[in-house]
Amino acid sequence: MSSMNQFQSRRNFLKVTAGAVAGVAASSTLSQAALFQSNSAALSLPLGVCTSYEKAGLLKSLGYSFIEENVGRFLIPDTGGDEQYAKNVESLHSVNFPVRSYVSFFPGTLKSVGPEIHHDAILQRADLALKRAKECGSKNIVFGSGGSRRIPDGFDRDKAKAQHIELSKKMALLTDKYGITLAIEPLNHTETNFINSLAEGVEIIEAVNHPRFLLLCDIYHMAKDDEGPDQIIKYGKYITHCHIAEKQNRTPPGVEGDDFGPYLRALKKINYQGGLSLECRWKDFDNEVKVGIEKLKKQFAAV
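Student: Sorry, what's going on with the overall build of the protein here?
Tutor: Assigned secondary structure in the protein consists of 12 helices and 8 strands. The proportion of buried residues among the 303 residues of the protein is 48%.

Student: Would you mind going over the state of the cysteines with me for this structure?
Tutor: By definition, a disulfide is the covalent link that joins the sulfur atoms of two cysteine residues. This model, assessed by the stated rule, comprises 0 disulfides. The thiol of Cys280 is unpaired, and the distance to the nearest cysteine sulfur, on Cys50, comes to 7.9 Å. Residue class for Cys280 comes out buried when judged on its relative accessible area of 14%.

Student: In this structure, what is going on with the environment of Lys111? I would like to understand it.
Tutor: You can see Lys111 is positioned in the loop between strand E3 (99-103) and helix H5 (119-135). In the structure, Lys111 is positioned 38 residues away from Arg149 in sequence and 6.4 Å away in space, judged by C-alpha atoms. In this view, Lys111 contacts Glu116, Ile117, His118, His119, Ile122, Gly147 and Ser148; residues no more than four positions away in its chain are not counted. A polar atom in the side chain of Lys111 sits 2.9 Å from the backbone oxygen of Gly108. Among the polar contacts made by the side chain of Lys111, one reaches the main-chain carbonyl oxygen of Gly147 at a distance of 3.4 Å.

Student: Whenever I open this one, the sheet that holds E3 confuses me. Can you help?
Tutor: Think of a sheet as strands paired side by side through backbone hydrogen bonds, with each pair either parallel or antiparallel. The sheet built from 8 strands is open, its strands ordered E3-E2-E1-E8-E7-E6-E5-E4 with parallel pairing. Of all strands in the sheet, those with a lone pairing partner are E3 and strand E4 (140-143), marking the two edges. Averaged over neighbouring strand pairs, the angle between their axes works out to 30° when direction is ignored. Judged from the 4 bridges that link them, E4 and strand E5 (residues 181-184) form a sheet pairing that is parallel. The residue of E5 that forms the bridge with Phe143 is Ile184. The strands touched by helix H12 (residues 285-302) are strand E1 (47-50), strand E7 (239-244) and strand E8 (276-278); relative to E1, the strand with the most contacts, the crossing angle is about 145°.

Student: How should I be thinking about H5 in this particular structure?
Tutor: Residues that lie three or four places apart on an α-helix share one face, since the helix turns once every 3.6 residues. Taking 1.5 Å per residue as the helical rise, H5 with its 17 residues ought to reach 24 Å, and the 24 Å between its terminal C-alpha atoms agrees with that figure. Turning to H5, its buried residues are His119, Ile122, Leu123, Arg125, Ala126, Asp127, Ala129, Leu130, Arg132 and Ala133. Among the residues trailing H5, Gly137 stands out with phi positive, at a value near 75°.

Student: Explanation requested: the pairing of E7 in the structure shown.
Tutor: Most of E7 sits inside the fold, with 6 of its 6 residues counted as buried. Here strand E6 (residues 213-218) pairs with E7 via 4 bridges, running parallel. When the bridges of E7 are listed, Leu215 appears paired with Ile239. Alignment of E7 against E8, held across 3 bridges, turns out to be parallel. Looking at E8, one finds that Cys242 is bridged to Leu276. For the segment spanning E7, helix H11 (residues 261-269) and E8, crossover handedness is right-handed.

Student: Just to check I follow, could you spell out helix H8 (residues 198-208) for this structure?
Tutor: Along H8, the residues that are buried comprise Leu198, Gly201, Val202, Ile204, Ile205 and Val208. Looking straight down H8, one finds that the buried residues subtend no more than 160° of arc, so they occupy a single side. Residues of H8 that are buried make contact with helix H7 (157-178), E5, E6, helix H9 (219-224) and helix H10 (230-234). Trailing H8 by a residue or two, Asn209 shows a phi angle of about 55°, which is positive.

Student: Got a minute to help me understand the packing of aromatic side chains in this structure?
Tutor: Two descriptors summarise a pair of aromatic rings, namely the distance from one centre to the other and the angle between the planes of the rings. Counted by the stated rule, this structure contains 7 aromatic pairs. When the centroid spacing of 5.3 Å and the interplanar angle of 45° are considered together, the rings of Phe105 and Phe106 count as tilted. Considered together, Phe105 and Phe106 belong to a single accessibility category, that of buried residues. Considering the side-chain rings of Phe106 and Phe143, the 5.7 Å spacing of their centres and the 55° angle between planes classify their relative orientation as tilted. Pair noted here: Phe106 is in the loop between E3 and H5 and Phe143 is in strand E4, with a separation of 37 residues, a long-range link.

Reading the values: the criteria
- Residues numbered from 1 in each chain as written.
- Predicted model: local features only at pLDDT ≥ 70, side-chain atom pairs only at ≥ 80, totals over all residues.
- Heavy atoms only, no water.
- Helix = DSSP H or I, 4+ residues; strand = E, 2+ residues; numbered from the N terminus.
- Buried < 20%, exposed > 50% of the residue type's maximum accessible area, 1.4 Å probe, protein only.
- Disulfide = S-S within 2.5 Å.
- Contact = heavy atoms within 4.5 Å.
- Polar contact = N/O pair within 3.5 Å; in protein donor to acceptor, adjacent residues only side chain to side chain.
- Pairing = 2+ DSSP bridges.
- Axes fitted to C-alpha atoms, helices over the stretch in contact; angles between N-to-C directions.
- Expected span 1.5 Å × (residues − 1).
- Right-handed = clockwise from strand over helix to strand, strands pointing away.
- Arc of directions from axis to C-beta.
- Phe/Tyr/Trp six-rings, centres within 6.5 Å; stacked < 30°, edge-to-face > 60°.

This is the structure:
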């Protein structure tokens with residue numbers, strides 16, 4: 001090859017190489033920019049409130065996404081029975097505001113653990129609740145019921161755990177019939193003495209091993225028992241639903257001015273996409289629920 005041809009070949013090689021390197025660098029810069037944009041985007045979650053469906057119109061007007069109702073009030077009314085349930089469904093269709101989830105699965109008088117258990121009655125109630133939740137287009141039922149799972153003094157803790165797992169496995173199978181997810185809820189130590197942390201909830205979930213038997217993350221209960229946001233990151237793959245309230249008196253966001261930032265950042269880090277419900281003690285519901293969504297959205301923007 002002549003020296004001129006060698007020079008042209010070398011020049012062409014350098015041009016191609018330089019172009020490829022520039023392309024990789026540009027692609028890397030774009031990827032980094034996209035990653036930064038993704039990480040810096042404000043947290044955005046569907047917000048709801050644990051309350052009566054009578055408040056649906058107000059919550060809809062304020063920009064909330066859903067209501068979280070009460071199993072005993074909406075799905076299996078303690079008074080009125082089937083007739084009241086039919087009225088509830090009529091209201092749901094009329095207002096057209098979703099009930100995403102339900103609390104108060106079953107009362108403390110139905111015992112899931114202890115020397116006298118009521119698993120058959122609990123499963124019967126669960127079957128009807130899941131059936132009706134499906135009819136209402138809902139996603140979750142929260143499996144809290146702290147009074148039911150409170151371990152009686154002197155009762156063997158390992159036996160109680162085995163009883164609860166046995167019941168949970170049977171309840172999980174019911175979800176296959178209706179496509180509703182059960183979200184086990186850890187509660188703080190003042191409300192029950194069993195399943196008080198995300199870790200303890202996950203222990204039950206892993207024993208049950210069912211895709212629709214998952215975890216509820218309640219920021220109020222976590223803060224109350226000094227359970228840090230790192231636990232959300234650790235167990236994020238199990239979390240299907242969340243609750244929130246201020247730590248001291250379970251007030252709604254904006255009353256005491258709690259900063260939920262560390263917990264919200266943890267939810268963002270796990271790319272949580274589920275709902276977040278205000279489950280609070282209210283003094284002036286209409287005003288506090290308006291302030292609550294404003295304060296939460298500001299904290300969303302900050303993370």
